[in-house]
Amino acid sequence: MRILLIAEHNGTHLRTASRCALGFANQLAVQTDGSVTCLLLGSGLDEVAADAARFADVLVADDEALRSPVADRYARVIADVAGAGAFDLVTAAATTFAKDIVARAGGLLGGAMASDVIAHEWRDDRLLLQRPMYAGAVNATVVLHGPVQIVTVRPSAYEEAAVKNRPGSIEKIEVDAAALPNHIQFEGLASKETGRPDVTEARVVVSGGRAIKNSEDFERLIGTLADRLGAATGSSRALVDAGITPNEFQVGQTGKIVAPELYMALGISGAVQHLAGMKNSQVIVAINSDPDAPIFEVADYGLVGDVYELIPELIEKLDGD
Amino acid sequence: MKILVPTKRVPDTDQRIRVAADGLSIDTSMLPFVVNPFDAIALEEAVRISEESSQPVEVVAVGVGGDEYEEQLRTALAMGAERALLVETDRPVDPWNVARLLVKVVERESPNLIIMGKQAVDDDANQAGQFLAALLDWPQATFASKVELVEGGLRVDRETDAGIETVRVSLPAVVTTDLRLNEPRYASLPSIMRAKKKTIERLSCEELGLTIEPRIEIVAMEGTSSDRQCERVDSVDELIDRLRNVAEVI
Ligand SMILES: Cc1cc2nc3c(=O)[nH]c(=O)nc-3n(C[C@H](O)[C@H](O)[C@H](O)COP(=O)(O)OP(=O)(O)OC[C@H]3O[C@@H](n4cnc5c(N)ncnc54)[C@H](O)[C@@H]3O)c2cc1C
């Protein structure tokens, strides 16, 4: 298969999630005797193009009109590159970028799309894709029928691609800015700098739930413990809804999907929607005052008690070493 | 102004989901169904816009499915939709075909705005709104946590992995909702009674001039379960010991 990877970047480097999607693309290219091409969109992309070329051949759509990731323009460029038989499969990491933009490109490319794929198999000339449904209660195996297959993959399900021996080629593609749609205007991005690692990339994630009563307590308990462990902070939906944590902290079916080496669920009950976002973590610790909380069913280590007493004790004892 | 709110009927989110005997679908025999929670948020937003606007705003709820769908469309009417429209299909329809059917509904209804859930909590695809916007060549503002009517269109706050992004879109547009946009109301008893008397308009795929082209074929389905054994520790000291010396993660 000729595979087109839509890569996300920070202006200088490919994002880890995209390197994981590239891991999927590389596996599939080997299985199908195919190829992988990486498409970068944005403006001022020389540095990131060089980074991407360490992993694959690169197409660069570099134009002022693509400075901000607006769905109508980006999707148009992707569809122009991938359409007309140029590629068999378009892939990306299942992030909000891809959910917004690559799904729209999917609509321009015939709608044969599987979201959040966690495993695949190439068998009898068919691509079998496994994806969770019903908040992860079931895994479905699906086959796509359409002119181009669109696949977003769950980053934690695939190993990051390795650097190639020989760098790939870099080719600029013409962007006809005047012909691009112009009905979405980007106004800004407000993100809360925590100074901590991203929850999807961290080796350890410390998450708090409704047991935590306010932002100060969250910072004092969850934040301090996270810093002691070099961890990212996350939370259940309950805290985001209450305005105690920002939306990008939400772990779960409709938030972020994480699979760190260690996940600590502190004062989180373990609703299926939360479990959908963290149950594939390697080691799970739960602290909860309710001995029957469902979170214990997916935990490796459980401690029953009050997080307001146990977290300070944990921090103190970790500090004491 | 007219706002179209496509909705989906999904199993209640508190229910345990099991795979059916065919190994291709879920066992629905015991399941209560609800309006997809994100679509309820979309309905609420549309109704609020109509309540707050000085101009008349008509809210039209749409469902794609069989007779069983009536119940959820009545819920939509009780929540404040003016009209409800059922596009009749006899089998589940994937996001591509939902989007194609909705294009036909849009051609008949000419809405200025479509508000729908960012994802349905059954297939968790997160595709239909984006497909629809692409097919209509309309702007989209996905994962909305705030929608404001402004001169020339909408200003929308979007929940992204990096934080809250703000975009401005012209109308007509497709907006998909995230959890924080609003809290859907419970329908009052009088509005439920009124909703019972309304007719639900029906449209067949033939009337819409469309044949379903399946894009996603499910070839297997299996339940997932956790095989972890939880070791209950009695103290913080024990927990630290396990994490250090057994799991070796800290
Ligand atoms: C459509 C939809 C999508 C959703 N998506 C998500 C999602 O992506 N992510 C998500 O997390 N949720 C999601 N939810 C919400 C989910 O169903 C739960 O409501 C939510 O996860 C509960 O958060 P919680 O565990 O923090 O709160 P609760 O369920 O209220 O649990 C709080 C827990 O803290 C314990 N506790 C209280 N005080 C203390 C104390 N002092 N010390 C120790 N323990 C204490 C309690 O025993 C309880 O177990 C979604 C729901 C819907 C309907």
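Above this text is the structure in question.
A quick note: this is a predicted structure, and the numbers were derived from the prediction, not measured.

Criteria and thresholds
Sequence positions are assigned chain by chain, starting from 1 and proceeding in written order. To read the labels, note that chains go from A and ligands from 1, taken in the order they are written. Since the coordinates come from a predicted model, pLDDT governs what is reported: local features require at least 70, and pairs of side-chain atoms require 80 or more to be given and counted, while whole-chain, interface and lining totals use all residues. Excluded from the side-chain calculation are hydrogens and water; included are all heavy atoms of the structure. By the criteria applied, helices consist of DSSP H or I runs no shorter than four residues and strands consist of E runs no shorter than two, each listed in order from the N terminus. Remark: exposure states derive from per-residue accessible area (1.4 Å probe, protein chains only) relative to the maximum for the residue type, with buried under 20%, exposed over 50%, and partly exposed in between. Whether two residues are in contact is decided by their heavy atoms, any of which lying within 4.5 Å being enough. Residue-level accessible areas treat just the shown protein chains as cover; the underlying method is Shrake-Rupley with a 1.4 Å probe. We treat Lys and Arg as the positive residues and Asp and Glu as the negative residues; His and chain ends play no part in the count. The atom standing in for a charge is NZ when the residue is Lys, CZ when it is Arg, CG when it is Asp and CD when it is Glu. The criterion for a residue being near a molecule or strand is simple. One of its heavy atoms has to lie within 4 Å of it. Side-chain atoms alone can form a polar contact between residues adjacent in sequence; in general such a contact is a pair of N or O atoms within 3.5 Å, and within protein one must be able to donate a hydrogen while the other accepts it. Ten residue types, Ala, Val, Leu, Ile, Met, Phe, Trp, Tyr, Cys and Pro, are classed as nonpolar, four, Asp, Glu, Lys and Arg, as charged, and the remainder, Gly among them, as polar. Each pair of strands is called paired provided DSSP finds at least two bridges between the two strands. Note on method: axes are straight lines fitted to C-alpha atoms, helices fitted across the in-contact stretch only, with angles between N-to-C directions ranging 0 to 180 degrees.

Caption draft 1: Expanded view of the overall build of chain A. Per the secondary structure count, chain A includes 8 helices and 16 strands. Each principal axis of the C-alpha distribution contributes one length, and for chain A these read about 60 × 45 × 40 Å. Across the 321 residues of chain A, 61% fall into the buried class. For chain A, restricting intrachain contacts to residue pairs at least 6 apart in sequence, the fraction spanning at least 24 positions comes to 63%. Total accessible area on chain A stands at roughly 12300 Å², and carbon and sulfur atoms take up 46% of it. The distance from the centre of the 27 positive side-chain charges to the centre of the 43 negative ones in chain A is 2 Å.

Caption draft 2: Focus on the site of the ligand. Within the structure, the ligand sits among 28 residues, and A:Arg210, A:Ser236, A:Gln250, A:Ser269 and A:Asn288 are positioned closest to it. Neighbouring residues of the ligand are not confined to a single chain but are spread across chains A and B. Measuring from a nitrogen atom of the ligand, one finds a side-chain N or O atom of A:Thr254 at 2.8 Å. At 2.7 Å, a side-chain N or O of A:Ser269 approaches an oxygen atom of the ligand. Considered on its own, the ligand offers 990 Å² of accessible surface; in the complex 81% of this is hidden by protein. Where the shell around the ligand is concerned, the elements lending two or more residues are α6 (237–241) and α7 (272–275) of chain A together with α1 (37–52) of chain B. Of the residues assigned to the shell around the ligand, the class counts are 9 nonpolar, 15 polar and 4 charged.

Caption draft 3: Representation of the sheet that holds strand β8 (residues 153–160) of chain B in the model. The strand order across the open sheet formed by 10 strands is β11(A)-β9(B)-β8(B)-β7(B)-β10(B)-β6(B)-β1(B)-β4(B)-β5(B)-β11(B), and the pairing between neighbours is mixed. The strands lining the two open edges of the sheet, one partner per strand, are β11 (184–190) of chain A together with β11 (201–204) of chain B. The average undirected angle you get between the axes of adjacent strands in this sheet is 30°. The pairing of strand β4 (residues 58–65) of chain B with strand β5 (residues 83–88) of chain B spans 6 bridges and is classified as parallel. In the strand pairing of β5(B), B:Gly65 is matched with B:Glu88.

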